[in-house]
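# An overview of the molecular structure
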Amino acid sequence: MFGLMQQQSLLISSLIEFADRHHGDGEVVSRRVEGDIHRTTWSGVARRARQVAHALDGLHLGLSDRVGTLAWNGYRHLELYFGVSGSGRVLHTINPRLHPEQIAWIVNHAEDQVLCFDMTFLPLVQAFQAKCPTVRQWVALCDSDKLPTDTGIPNLISYEAWIGGQPTDYNWPQLDENTASSLCYTSGTTGNPKGALYSHRSTILHAYASALPDVMGVSARDAILPVVPMFHVNAWGIPYSAAMTGAKLVFPGPALDGKSVYELIEAEGVTFAAGVPTVWQMLLGHMMPTGLKFSTLKRTVIGGSACPPAMIDAFREDYGVDVLHAWGMTELSPLGTLCTLKNKHLKLPAAEQMRLRLKQGRCIYGIDMKIVDPNGQELPHDGKSAGDLLVKGPWVVASYFKHEGGDPLVDGWFPTGDVATIDADGFMQITDRSKDVVKSGGEWISSIDVENIAMAHPAVAMAACIGVKHPKWDERPIVCVVKKPGADVTREELLSFYEGRTAKWQIPDDVVFMDAIPIGATGKMLKTRLRDQLADYTLPDQR
Ligand code: ADP
């Protein structure tokens, strides 16, 4: 016997229609590429998303045809999120920090037919457009009078001219909820990038889950600043969960420096912000020397790479901002875990609570996870045993776009490539990427642990730990360090700082001071490049 409830597909168009009908005057504020602040509402976004849908119909784009974007976080990008997916096409967000050759490869692989780009990326588009024959229409996200005439790009139109004359009502198609909605390529630090192809259903379920109080806790009382880019894993789904709850959205555009982000948070009364650690480092770097404080910011979700304990401490103790550590990946839409305490932890002493907050957190309903040994045997949830982390759930990839790379699943579970522990309360802690673990004398050393200790030293701005070949121990860890401006620390001082903070054999063998550590397109340390840079390096006891 079936239940007798209405059958309704979970569709992205329903999000923007809901926001329009029930939160129509909810604000959407953007710092534009032009530098000024633009203000619109959820109704304004809905109206123009329908115009986008008409413009795509005008190009005779079929169901599931791909529309690429190379754009910062802003209202036009938001309109494309809903207009493209809502009308049954696939929104393909492209990371502009990639090399032009890589971008051309991705555009060709996705077979994008339309490509919309912010004017910041005009030179980038000029560099690769000739290599992308599938693109029939190039759209510059600007007013028509801002579009130069001599760009050399064929079939180029300004966004405002493209959607301007279109009707503002639209009959969103009643799609199967499993229809593809958006496409995001993994960063591809090794081999070619692979596409994670999300569906309307996976996106809506992820939006419901991420709005839960134990996850991002998004509500109509929030003003959200997604610093995490809309060009990478849909800004952690915030555009969708904001529409679902009618939250105010505040977009930083291209200005991600500490001063601009701080000013936007204060001017727009931001209550909740989300981003990778490097962005918050710039923000704190701006605030600390000048003694600035937040007046409205209550919580921030930090993920994408391990959040240094010193950062959680600074936000909580010095600024009264709750830091929620999150873990996820492109293949998970991206959220897998979020770190919030359970009722029974509230009575724990502050130091014990902090120990938990450093972990990547508990499973969100919808995701299941396990850790296994090299033979695939499941390991206990004792907070000590570390193994390969596998996940499954309705917003985890089953296969990559065009089935690239074959079947990624192992007995229905997706291997994340991360190594983790899970404790008895279900708190997961990433100890490493499997390719970054330092294997010393048959034991594993967590590069994240080594980095966190260095980062706790007041003179250290950034730290990266890598393993270096050793004839006796197989590998030994070294730590590469960038000092804070004006601060100083010697190799010996930093190595003695490790004593008492970790087991003796886990203390790095050497400190290498650098001006900068290479950062990849998604704001993470590029350890592959770091290893290349140190190809000629020898450990002190081997010199
Ligand atoms: P994301 O958008 O989350 O950066 P990617 O697919 O580019 O997605 O990268 C996913 C990888 O980033 C994870 O497999 C993990 O290694 C790392 N990662 C993400 N969040 C965290 C975290 N909180 N702590 C440690 N590593 C993390």
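The structure under discussion appears in the preceding block.
What you are looking at is a predicted structure, and each value in this text was computed from that prediction instead of being measured.

## Focus on the state of the cysteines
What the rule picks out here adds up to zero disulfides. This cysteine, Cys116, is not joined by any disulfide, and Cys142 carries the nearest cysteine sulfur, 11 Å off.

## Notes on the layout of surface pockets
Approximately 670 Å³ is the volume attributed to the second largest pocket. Taken together, 29 residues form the lining of the second largest pocket, with Gln429, Thr431, Ser446, Asp449 and Asn452 sitting closest to its centre. Elements with a contribution of two residues or more to the lining of the second largest pocket: helix 12 (309–319), strand 19 (414–422), strand 20 (428–433), strand 22 (443–445) and helix 14 (447–455). Along the lines of polarity and charge, the residues of the lining of the second largest pocket split into 14 nonpolar, nine polar and six charged.

## Notes on the sheet that holds strand 11 (residues 248–251)
Strand order in the open sheet formed by nine strands is 2-1-11-10-12-13-14-15-16, and the pairing between neighbours is mixed. Each end of this open sheet is capped by a strand with a single partner; those strands are strand 2 (37–41) and strand 16 (362–363). As paired elements, strand 12 (residues 272–275) and strand 13 (residues 299–302) share four bridges and run parallel to each other. Paired with Phe272 across the two strands is Arg299, which belongs to strand 13. Contacts between helix 10 (residues 258–267) and the sheet are confined to strand 1 (27–31), strand 2, strand 10 (223–226) and strand 11, with strand 10 contributing the most and set at about 165° to the helix.

## Quick notes on the packing of helix 7 (residues 200–211) against helix 9 (residues 238–245)
Their axes nearest at 9 Å, the elements helix 7 and helix 9 cross at an angle of 70°. Relative to helix 9, the element helix 7 is oriented roughly perpendicular. Here helix 7 contributes Thr203, Ile204, Ala207, Tyr208, Ser210 and Ala211 to the contact with helix 9, which in turn contributes Tyr240, Ser241, Met244 and Thr245. Of the residues that constitute the contact of helix 7 with helix 9, the class distribution is six nonpolar, four polar and no charged.

## A short note on the pairing of strand 9 (residues 195–199)
Of all five residues in strand 9, four are buried, a share of seventy percent or more. Sheet topology note: the strand 8 (residues 180–185)/strand 9 ladder contains five bridges and is antiparallel. Paired with Leu183 across the two strands is Leu197, which belongs to strand 9.

## Observations concerning the sheet that holds strand 5 (residues 114–117)
The strands making up a sheet are joined through hydrogen bonds of the backbone, oriented either antiparallel or parallel. Pairing is mixed in the open sheet, where seven strands are placed in the order 7-6-5-3-4-8-9. Strands at the two margins of the open sheet, each flanked by one partner only, are strand 7 (156–158) and strand 9. The sheet shows a mean angle of 20° between the axes of neighbouring strands, direction not considered. In terms of strand pairing, strand 3 (residues 66–70) meets strand 5 through four bridges, oriented parallel. Following the sheet pairing, Gly68 is matched in strand 5 by Leu115. With respect to the sheet, helix 7 is in contact with strand 8 and strand 9, its orientation differing from that of strand 9 by roughly 80°.

Conventions and cut-offs
- Residues numbered from 1 in each chain as written.
- Predicted model: local features only at pLDDT ≥ 70, side-chain atom pairs only at ≥ 80, totals over all residues.
- Heavy atoms only, no water.
- Disulfide = S-S within 2.5 Å.
- 1 Å grid on protein atoms, 1.4 Å probe; cavity = no way out; pocket = protein on both sides within 12 Å on 5 of 7 lines; lining within 4 Å.
- Points joined across faces, edges and corners; volume = space filled by probe spheres on them.
- Helix = DSSP H or I, 4+ residues; strand = E, 2+ residues; numbered from the N terminus.
- Nonpolar A, V, L, I, M, F, W, Y, C, P; charged D, E, K, R; others polar.
- Pairing = 2+ DSSP bridges.
- Contact = heavy atoms within 4.5 Å.
- Axes fitted to C-alpha atoms, helices over the stretch in contact; angles between N-to-C directions.
- Parallel < 35°, antiparallel > 145°, perpendicular 65-115°, else oblique.
- Buried < 20%, exposed > 50% of the residue type's maximum accessible area, 1.4 Å probe, protein only.

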